[in-house]
Every structure is written in structure tokens, then in C-alpha cells.
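# Observations on the three-dimensional arrangement
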Amino acid sequence: MSIVHGLPESFHAQAYDVLVVGAGYAGVVAARSLTERLGCRVCILERRNHIAGNAYDCYDDAGVLIHLYGPHIYHTFNKRVHAFLSRFTDFSNYEHRVLALVNGAYMPVPFNHTSLKIAFGEERGEALYQKLVQTFGMDRKVPILELRAQNDPELDEVADYVYENIFLHYTLKQWGQTPDQIDPSVTGRVPVLIGDDDRYFQSPYQGMPVDGYTKMFENMLNHDLIDVYLDVDARDIIYISSDYIMVQDAPFLGEVIYTGPLDELFNLDLGALPYRTLDLQFETLQQDWFQPVCTVNYTTSEDFTRITEFKHMTGQNIDGVTTILREYSKSYEPGSGQTPYYAILNQTNNALYASYLERVAKFANFHVVGRLAEYRYYDMDAVAASALELADSIAATR
Ligand code: FAD
Ligand code: UDP
């Protein structure tokens, strides 16, 4: 394995069987899986100056381990993904917990039995909880939009409260739209939970890579047949002609795995795929702790959506100092140097994406995978699953 910055003069793409664009989950999982199965030579081009994509972590000036592109908590139901990643790291037993700050009171999110009693008082909260259990059953997860559609005065009381105090303002800050205006799958990620489980995720496998995500990526890339070139924008050497995927001005007949935004490959000529980006503001404080749990969602106040305090999730043992992160969401402007963090899923944008996809569909050796290239709201495990499936399908054709 080698990881170098920039392309050396001697770089010759044709020396590789597989060219991967992007060193995040999509690119690195696909690269490792393919090279192990096929014994092929893989080259990864990454335009940032580091590996690990948006999961990158590093130590800040105060020595606190932070996630430079926002808080990342590993969780999955997928046995295959977990088995694959576990070859490259051990995971801690961290379980993520989130509190919403609602008009000065903390309550668990997903909104659950405890939240109901904090919001409505012990007695009324319990009565409403019993009504929820009768209607939906114990341990059910009910998306807020489904709860709102019930047409029952008591359930409406709960639905109105949760909609107004947990979802409305947070969603307006995050997406610039109300929960009814965005794709239902987005608020469906954080359903009302009829039960006492106060964890953010109910997945059987969850935790944090014990030495961090970047180290896990280094281990995945540690293979004789994988070379990584950082600070290289693949578009400087790759373009799509009418008949071929061209690399360094020659047709490339190996496999190309692309994990960047699809519109960028075509200079946005059909229009830009819309995204939300984040303004991430880190602050280091000279105190042991800032807040009671890793993440507090500001669901009724402030301009930022949430504050994350990293030490809670990393388990780092360091006294007298802590680093927190405030996330401000805004519209992404292509070409401005911002990072496209969240695809904005709706019919129009999905159709635009499909038009771009159509243009690469005819190339059997060109593959798109990942959160950007598939224009999906994927978590890390879903990206890893998609990359493993892609490796399956490429391996099957060789
Ligand atoms: P990326 O990580 O974006 O990697 C793509 C890489 O391709 C980038 O490094 C980019 O620089 C590179 N690239 C693009 N174009 C080019 C080019 N032309 N040339 C060279 N390189 C290029 N998931 C979870 O499971 N749990 C969480 O708690 C969680 N929290 C998140 C918080 C935030 C704020 C965000 C935005 C996402 C979060 N995610 C979380 C999702 C997670 O970040 C993604 O699922 C995952 O990192 C996507 O991996 P990827 O490889 O598809 O994309
Ligand atoms: N959401 C909300 N209030 C919350 C938590 C989530 O309104 O307290 C909504 C919001 O629209 C958000 C979506 O649910 O964008 C998904 O939340 P999640 O925590 O999964 O977002 P991510 O961690 O991916 O930013």
C-alpha cells in the first residue's frame, strides 16, 4: 500500500485494473473487497488531503478527538457489514443518546415514554402512553407523519406536541422546509418510540471504532495492491466521452468506481443537484464536560440544530478540556468550496439525478456508489453495504 499526496509524473492509470474516485466508505470498502477477491491492482484518487471521507476524525489543537465533518456514530442491523468492518477495528460498546431541549426542559429523542411524562406530567403522560400502546402496540416505532394522520383527539394531542416541539423548528433549520414538505423517509429516521428505550439507534451492532474512523480506514487500505493518491481531483484526468471512460486521454478499459457527485462529472450541464451543506463551528472549552449526553438537539430555540460533545462518544479520557460542535445548516452552492452533505430528496431532484445516471448507464465498466454518487440519504453502514454489493457484482463478471 502507498498513500501519497499528488500524482507523481510516473503515474500511469493503465497500470491499474480498478480506478476508484473517493476514499470514503464507498470507495475504500469497494477497493478492499475487490482487491481481496480478484487480486487486482486498485488506485484510489481523493481530492481531499486525507482518507475516510466524511467519517474522517483527528485530534484538534487541544488534543480532543473530533469528527471534522460532523458527528459520526456507527450503527447497523447488517451482519455482513459489521463482520467486514470488524476485521479492521474493534468497536466500543458506546450507545448514542440524544436529548432535545424543549423550552428549557431536556427530554429523550426519539420521543418515548419518558419524554411523554416530561412533556405532559406524570399522570397525563402515562394516560397518553397507554393510549399509544393500545393503538400501535408496545415497542413500535411510529413516524411523526403517521401519528399526525390518526384523527383521534388524544393521539392528536401527542402528535401536535411532538410535531411542534421536536420536528417543526428543527426541520425548518435543517432543511428550510416543514416536515410535511420534505420526503417522509427523512423524519421517519427518528420515529416516536412507544417504549422506554432511550437510545437513538436500536441496531444490534453499534459503537465507535476504538482507535477512530481514520485508523480503521488506514487498516482497510493496508494492502499491497492498493495505492491512494490524495489531493487529486479525478476530473483532472478522467472524463466521459461518447464511447469511453477516458483516463489520461486514453480509453480506460478497467473498472471505474465513482463516489463523488454525479452532476460534477458533467460540469452540472443539466443543472446542479440540490444539497444542504453545514457550517460546522467547533469550540474548545476549559472544563471537563459541557452537557449531559453526546448530542443535544435544539428543537425549539437557536439557529443551530444541535450541539455534540465528542468525548461522550469517543470515550476519550482527558480532563479539564472538551470540544463541542454546533451545526448550522444552509443551502449548498456548487463551486463555492462547500461540502454537499445532504441530498434533498424529492421528485424533481430524483428525476434530475436519474437523467445524469442515464448518461453513464451505457458504460458497463463505470459504477456509481455511495451517498453522493447515488444521491441518497445513506448512513455509513448502508454505504458499506452498497459497496460490498457492487464488489459482488463486479467480481461475478470477471
Ligand atoms: P464521502 O464520505 O463523502 O466520500 C466521498 C469522497 O469522494 C470524499 O472524500 C470526496 O472528497 C471524494 N471525491 C468526490 N469527488 C471527487 C473527485 N472528483 N476526485 C477525487 N475525490 C473526490 N452515518 C452514520 O452511519 N452515522 C452517523 O452518525 C452519521 N452522521 C453524519 C453526520 C453528518 C453531518 C453527515 C453529513 C453524514 C453523517 N453520516 C452518518 C453519513 C456518512 O457520513 C456517510 O454515509 C458516509 O460517510 C458516506 O460515504 P461515501 O464514501 O459515500 O461519501
Ligand atoms: N429531526 C427533527 N428533530 C429532531 C431530530 C430529527 O426534526 O430532534 C428530523 C429532521 O428533519 C432531521 C431528520 O429528522 O433532518 C433526521 O434526523 P437525523 O438525526 O437522522 O439526522 P442526521 O443525523 O442524519 O443529520
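Attention in this report is confined to the structure presented alongside it.

Reading the values: rules and limits
Residues numbered from 1 in each chain as written. Chains lettered and ligands numbered in written order. Predicted model: local features only at pLDDT ≥ 70, side-chain atom pairs only at ≥ 80, totals over all residues. Heavy atoms only, no water. Near = heavy atom within 4 Å. Polar contact = N/O pair within 3.5 Å; in protein donor to acceptor, adjacent residues only side chain to side chain. Helix = DSSP H or I, 4+ residues; strand = E, 2+ residues; numbered from the N terminus. Nonpolar A, V, L, I, M, F, W, Y, C, P; charged D, E, K, R; others polar. Phe/Tyr/Trp six-rings, centres within 6.5 Å; stacked < 30°, edge-to-face > 60°. Buried < 20%, exposed > 50% of the residue type's maximum accessible area, 1.4 Å probe, protein only. Lys NZ or Arg CZ within 6 Å of the ring centre and 35° of its normal. Areas by Shrake-Rupley, 256 points an atom, 1.4 Å probe, with all protein chains shown as cover. Axes fitted to C-alpha atoms, helices over the stretch in contact; angles between N-to-C directions. Parallel < 35°, antiparallel > 145°, perpendicular 65-115°, else oblique. Contact = heavy atoms within 4.5 Å. Salt bridge = Lys/Arg side-chain N within 4 Å of Asp/Glu carboxyl O. Pairing = 2+ DSSP bridges.

## Some points on the site of ligand 2
For ligand 2, the set of nearby residues contains 17 residues, the closest of which are Trp175, Arg189, Tyr200, Tyr342 and Tyr377. Between ligand 2 and the protein, one listed contact pairs an oxygen atom with a side-chain N or O atom of Thr171 at 2.9 Å. Residue Asn297 places a side-chain N or O atom 2.9 Å away from an oxygen atom belonging to ligand 2. Residue assignment for the shell around ligand 2 shows that the elements contributing at least two residues are helix 6 (153-175) and helix 7 (184-187). Among the elements that line the shell around ligand 2, the one with the most residues is helix 6, at six residues. Classifying every residue of the shell around ligand 2 by side-chain character gives ten nonpolar, five polar and two charged.

## Things to note about the packing of aromatic side chains
One pass over the full model with this rule turns up 19 aromatic pairs. Consider the rings of Tyr74 and Phe91, whose centres lie 4.3 Å apart with planes at 15°: the pair is stacked. Here Tyr74 is found in strand 6 (residues 74-76), whereas its partner Phe91 is found in the loop between helix 2 (79-86) and strand 7 (98-102), with 17 residues between them in sequence. Ring geometry for Phe304 versus Tyr328: centroids 5.7 Å apart, planes at 80°, classification edge-to-face. You can see Phe304 sitting in the loop between strand 18 (295-298) and strand 19 (306-309) and its partner Tyr328 sitting in strand 20 (residues 322-331), a full 24 residues away along the chain. Classification of Phe304 by relative accessible area gives buried; the value is 7%. Counting every residue linked through ring pairs, the aromatic cluster contains Tyr275, Tyr332, Tyr353 and Tyr375. Lying over the aromatic face of Tyr163, Arg148 brings its terminal NZ or CZ to 3.5 Å of the ring centre.

## Quick notes on the side chain of Gln291
Position of Gln291 relative to the elements: it lies in the loop between strand 17 (275-285) and strand 18. Side-chain polar atoms of Gln291 contact the backbone oxygen of Cys294, separated by 2.9 Å. Within the local environment of Gln291, its side chain forms a polar contact with the backbone oxygen of Ile307, the two atoms lying 3.0 Å apart.

## Concerning the site of ligand 1
The full set close to ligand 1 counts 32 residues, and Glu46, His72, Ile73, Tyr378 and Met380 are the nearest of them. Ala26 is positioned with one of its backbone polar atoms (N or O) 2.9 Å from an oxygen atom of ligand 1. In the environment of ligand 1, an oxygen atom lies 2.8 Å from a nitrogen or oxygen atom belonging to the backbone of Tyr378. Coverage of ligand 1 by the protein chains reaches 96% of its 1000 Å² of free accessible surface. Looking at the shell around ligand 1, the elements with two or more residues in it are helix 1 (25-38) and helix 12 (380-397). Of the residues belonging to the shell around ligand 1, the class tally is 16 nonpolar, nine polar and seven charged.

## A closer look at the packing of helix 1 against helix 2
Axis separation between helix 1 and helix 2 bottoms out at 12 Å; the angle between their running directions is 80°. When the interaxial angle is binned, helix 1 and helix 2 end up roughly perpendicular. Contact residues: helix 1 offers Tyr25, Val29, Arg32, Ser33 and Arg37, while helix 2 offers Arg80, Phe84 and Leu85. Here the residues of the contact of helix 1 with helix 2 are counted per class, giving four nonpolar, one polar and three charged.

## Observations concerning the side chain of Thr322
Along the chain, the position of Thr322 falls in strand 20. The class of Thr322 is buried, set by a relative accessible area of 0%. With sequence-adjacent residues up to four places away left out, Thr322 is seen in contact with Val64, Glu283, Thr284, Leu285, Gln287, Asp288, Trp289, Phe290, Glu309 and Lys311.

## Side note on the pattern of salt bridges
Under the definition given, this model contains 27 salt bridges. For the salt bridge of Glu146 with Arg140, the shortest nitrogen-to-oxygen distance reads 3.9 Å. Glu146 sits in the partly exposed class, given a relative accessible area of 33%. Since its relative accessible area comes to 32%, Arg140 is described here as partly exposed. The partner of Arg148 in a salt bridge is Asp180, and the shortest N-O contact between them spans 3.3 Å. You can see Arg148 sitting in helix 5 (residues 144-148) and its partner Asp180 sitting in the loop between helix 6 and helix 7, a full 32 residues away along the chain. Among the residues examined, Asp180 registers a relative accessible area of 47% and is labelled partly exposed.

## Some thoughts on the sheet that holds strand 22 (residues 366-368)
Sheet architecture is open: six strands sit in the order 1-12-3-2-16-22, paired in parallel fashion. Looking along the sheet, the strands with just one partner apiece sit at the ends: strand 1 (2-5) and strand 22. Averaged over all pairs of adjacent strands, the angle between strand axes in this sheet comes to 15°, irrespective of strand direction. Along the sheet face, helix 1 touches strand 2 (18-21), strand 3 (42-45), strand 12 (226-230) and strand 16 (255-258) and points at about 175° away from the line of strand 3.

Without other data, these values stay purely geometric and don't point to any function.
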